[in-house]
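An overview of the molecular structure
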Amino acid sequence: MSNPSPASPVVLDVWCELQCPDCHTALSDLAALRARYGERLDVRLRHFPLEKHRHAYDAAQAAEEAFQQGDGWAYVEAVLGRTAELGERGQPLLLDVARELGMDAEEFDTALIDGRHLLIVDADQAEGKAIKVTGTPTYGIGGQLLDGSKDQSGLRARIEEIADRLLAAQG
């Protein structure tokens, strides 16, 4: 007799921007959610670069390259830890972080030049606008949008409440 297949994970979309200090603050909530749910929660980075941050669009493309190279979340967390420096240095910082994490920085540089990840970033941004994301971080789970761009207090508890309900409904 075979084991039943595990229930599909609950998806948590995180609309994020890598030059956003509020998104850096959200990392502790994301770490706690990952620790609590493990594979039962699929945390997906969704790009929402804001016009006020001139390096956010490049950073989103660089994050996609990091996911392509196999360590996207480590890259995202490292860049978010240096939002002020990203604001000052821009692209050189994105390449430095790739090098520091042992990634192929030349491939990052090439990806930023050839725009191979533009479609993903543009599609995320368009979808975000379509569902009324206005700032970052904003979370999408179970058909609900939770805006953390102004205040993040209580958001993790709300996400846990929704995730628990969705997981319980799966049996």
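Preceding this section is the structure that the text describes.
Throughout what follows, the structure given in this document is the object of discussion. Remember, it's a predicted structure, so these values are computed and weren't measured experimentally.

**Examining the packing of helix 1 (residues 21-37) against helix 3 (residues 72-80)**
A pair of packed helices can be characterised by two numbers: the angle between their axes and the separation between those axes. Running from amino to carboxyl end, helix 1 crosses helix 3 at an angle of 145 degrees, the nearest separation of the two axes being 9 Å. In this structure, helix 1 crosses over helix 3, and the sense of that crossing is left-handed. On the side of helix 1, the interface is formed by Cys23, His24, Leu27, Leu30 and Arg34, while helix 3 contributes Trp73, Glu77 and Leu80. Taken together, the residues that form the contact of helix 1 with helix 3 break down as five nonpolar, one polar and two charged.

**A closer look at the nonpolar core**
Leu12, Leu18, Leu30, Tyr75, Phe108, Tyr139 and Ile141 are the most contacted members of the largest nonpolar core, which totals 41 residues. Here this core takes six residues from helix 1, the largest share from any one element.

**What to know about the sheet that holds strand 2 (residues 41-47)**
Remark on secondary structure: sheet strands pair via backbone hydrogen bonds, oriented parallel or antiparallel. Taken in spatial order, the four strands line up as 2-1-3-4 in an open sheet, and their pairing is mixed. Each end of this open sheet is capped by a strand with a single partner; those strands are strand 2 and strand 4 (144-147). For this sheet, the mean angle separating the axes of adjacent strands, direction not counted, is 20 degrees. As judged from the seven bridges shared by strand 1 (residues 10-16) and strand 2, these two strands associate in the parallel manner. Its bridge partner being in strand 2, Leu12 is matched across the sheet by Val43. Across the sheet, helix 7 (residues 118-130) touches strand 1 and strand 2, and the angle it forms with strand 2 is around 100 degrees.

**What about unusual backbone geometry?**
Here the amide bond leading from Thr136 into Pro137 is cis, since omega sits at -5 degrees, within 30 degrees of zero. Look at Lys132: it is not a glycine, yet its phi comes out positive at around 75 degrees. By the element assignment, Lys132 lies in the loop between helix 7 and strand 3 (138-141).

**Brief notes about empty space enclosed by the protein**
The tally for this structure, following the rule as stated, stands at two cavities of 30 Å³ or more. Taken as a whole, the largest cavity spans an internal volume of roughly 40 Å³. Val14, Cys16, Cys23, Ala26, Leu27, Leu30, Trp73, Val76 and Leu80 are the residues that line the largest cavity. Those elements that provide at least two residues to the lining of the largest cavity are strand 1, helix 1 and helix 3. Top element by residues in the lining of the largest cavity is helix 1. It accounts for four residues. Looking at side-chain class alone, the lining of the largest cavity contains nine nonpolar, no polar and no charged residues. Per-element accounting of the lining of the second largest cavity gives the leading share, three residues, to helix 2 (residues 56-68). Taken together, the residues that form the lining of the second largest cavity break down as six nonpolar, one polar and one charged.

**Some points on the pattern of salt bridges**
Within this structure, the stated rule accounts for 18 salt bridges. Here Arg44 and Asp13 are joined by a salt bridge, their closest N and O atoms 2.7 Å apart. With Arg44 in strand 2 and Asp13 in strand 1, this pair connects stretches of sequence that are 31 residues apart. Look at Asp13 and you get buried, because its relative accessible area is 11%. Residue Arg116 pairs with Glu65 through a salt bridge whose shortest N-O separation is 3.7 Å. Remark: Glu65 occurs in helix 2 and Arg116 occurs in the loop between helix 6 (105-114) and helix 7; sequence separation between them is 51 residues. The partly exposed category is assigned to Arg116, whose relative accessible area is 34%. Through salt bridges with shared partners, a single ionic network connects Arg82, Glu85, Arg89, Asp96, Arg99 and Glu100.

Rules behind the numbers
- The residue count restarts for each chain, going from 1 along the sequence in the order it is written.
- Whole-chain, interface and lining totals are the exception, using all residues; otherwise, since this is a predicted model, local features are given only for residues with pLDDT of at least 70 and side-chain atom pairs are given and counted only at 80 or more.
- Side-chain numbers here rest on the full set of heavy atoms in the structure, without hydrogens or water.
- The axes are straight lines fitted to the C-alpha atoms, using for helices just the contacting stretch, and the angles between their N-to-C directions are given from 0 to 180°.
- Only DSSP runs of H or I reaching four residues or more are called helices, and only runs of E reaching two or more are called strands; each is numbered from the N terminus.
- Crossing handedness is read from the near helix: turned anticlockwise from the far helix by less than a right angle, it gives a left-handed crossing, and turned clockwise, a right-handed one.
- Residue contacts follow a heavy-atom distance rule, with two residues in contact if any of their heavy atoms lie within 4.5 Å.
- Classification used: nonpolar for Ala, Val, Leu, Ile, Met, Phe, Trp, Tyr, Cys and Pro, charged for Asp, Glu, Lys and Arg, polar for all others including Gly.
- Note on terminology: a nonpolar core comprises buried Ala, Val, Leu, Ile, Met, Phe, Trp, Tyr and Cys residues joined through side-chain atoms within 4.5 Å.
- Each residue gets one of three labels from its accessible area relative to the maximum for its type: buried under 20%, exposed over 50%, partly exposed in between, using a 1.4 Å probe on protein chains only.
- By definition, two strands form a pair when at least two bridges between them are found by DSSP.
- Cavity means a closed set of points on a 1 Å grid over the protein atoms alone, one where a 1.4 Å probe fits but cannot get out, pocket means an open set with protein on both sides within 12 Å along at least 5 of 7 lines, and lining means a residue has an atom within 4 Å of a point.
- Grid points are joined across faces, edges and corners, and a volume is the space filled by probe spheres set on the points.
- The term salt bridge refers to a side-chain nitrogen of Lys or Arg lying within 4 Å of a carboxyl oxygen of Asp or Glu.

Worth remembering: the numbers are spatial, not functional.
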